[in-house]
Amino acid sequence: MTSPITVLIADDEALVRAGFRLLVDYAADLAVVGEAENGVQAVSQARVLKPDVVLMDIRMPVMDGLEATRMILDGGRTSPVPRILVVTTFDDDENVLAALRSGASGFVLKDTPPEQLLEAIRIVAAGDRLLTPRITRRLIAEFARAPVQPGAAQGAAVLSELTGRERDVLVQVAAGRSNAEISAALHVSVATVKTHVSRLLAKLDARHRAQLLVLSYELGVAEPRRSN
């Protein structure tokens, strides 16, 4: 039998932690290895317990979940680090963007149905990103209203590292399209799309596809259509 996916729960509400523990431990392929009631504890527990996934609340005392996420990920550059799945009651664009910039692999709300939350844990543990269609649409709409532009020199330097095809793929990623959809749009194989995405991740120093979406707008590569 394969080992279960190990989970650390970080939330300042004891009842929430207890509920998540019952839910996660009920799944045969998942197991809770620890709990934290603030960001400082989350960082400490993550380093000691080395869980596969951290369920991370955003608003916690002492240190919030966004800072804890940055510390956990930045502290493991030379060794495997947990995947961070942000679970919160807040779905405003600012928190979504902050979570993605911090390196979180996924973002779900606390009102997510139990089975979907368990599946989200499995998805990020497997190394995939989790950005729901609703959140993707909100991010695209937000950037369409007021895209963030880098300094001219900074943007030009980053973009100079990309090939024309890589820029094409980046625009498609920014639109929230899957590899299969990008393949059809650009008339290349899915394997080729995956190769380009991997190169984009490396060149832009992004941990996953969701961060590529954010960076594409910050660099001014994507040009979302605005509503009339």
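What counts as what
Residues numbered from 1 in each chain as written. Predicted model: local features only at pLDDT ≥ 70, side-chain atom pairs only at ≥ 80, totals over all residues. Heavy atoms only, no water. Salt bridge = Lys/Arg side-chain N within 4 Å of Asp/Glu carboxyl O. Helix = DSSP H or I, 4+ residues; strand = E, 2+ residues; numbered from the N terminus. Buried < 20%, exposed > 50% of the residue type's maximum accessible area, 1.4 Å probe, protein only. Arc of directions from axis to C-beta. Core = buried A, V, L, I, M, F, W, Y, C linked by side-chain atoms within 4.5 Å. Axes fitted to C-alpha atoms, helices over the stretch in contact; angles between N-to-C directions. Parallel < 35°, antiparallel > 145°, perpendicular 65-115°, else oblique. Left-handed = near helix turned anticlockwise from the far one by under 90°. Contact = heavy atoms within 4.5 Å. Nonpolar A, V, L, I, M, F, W, Y, C, P; charged D, E, K, R; others polar.

A. Here's a closer look at the pattern of salt bridges. What the rule picks out here adds up to 10 salt bridges. For Glu35, the salt bridge goes to Arg17, with nearest N and O atoms at 3.1 Å. Taken together, the residues span a long stretch of sequence, with Glu35 in strand S2 (residues 30-36) and Arg17 in helix H1 (residues 14-26) at a distance of 18 residues. Since its relative accessible area comes to 27%, Glu35 is described here as partly exposed. Judged by relative accessible area, Arg17 falls into the buried class, the value being 11%. Ionic pairing is found between Arg21 and Asp25, a salt bridge with its closest N-O pair at 3.7 Å.

B. Fine view of helix H9 (residues 179-186). Inspection of H9 places Asn179, Ile182, Ser183 and Leu186 among the buried residues, and these make up the whole buried set. The buried residues of H9 occupy an angular sector of 105° when projected down its axis, which confines them to one face. Note on H9: the residue one or two positions beyond its end, His187, has a positive phi of about 60°.

C. The arrangement of the nonpolar core in detail. Counting 25 residues, the largest nonpolar core has Ala10, Met56, Ile84, Val86 and Phe107 as the members making the most contacts within it. For this core, the secondary-structure elements that each account for two or more residues are strand S1 (5-10), helix H2 (39-49), strand S3 (53-56), helix H3 (65-74), strand S4 (83-88), helix H4 (93-102) and strand S5 (106-109). In this structure, Ile5, Val7, Ala27 and Val124 belong to the second largest nonpolar core, which totals 19 residues.

D. Focus on the packing of helix H8 (residues 164-174) against H9. The geometry of H8 relative to H9 is characterised by a closest axis approach of 10 Å and an angle of 130° between their N-to-C directions. Considered as vectors, H8 and H9 are oriented oblique to each other. The hand of the H8/H9 crossing is right-handed. The residues of H9 that touch H8, namely those facing Arg165, Asp168, Val169, Gln172 and Val173, are Ile182, Ala185 and Leu186. Partitioning the contact of H8 with H9 into residue classes produces five nonpolar, one polar and two charged.

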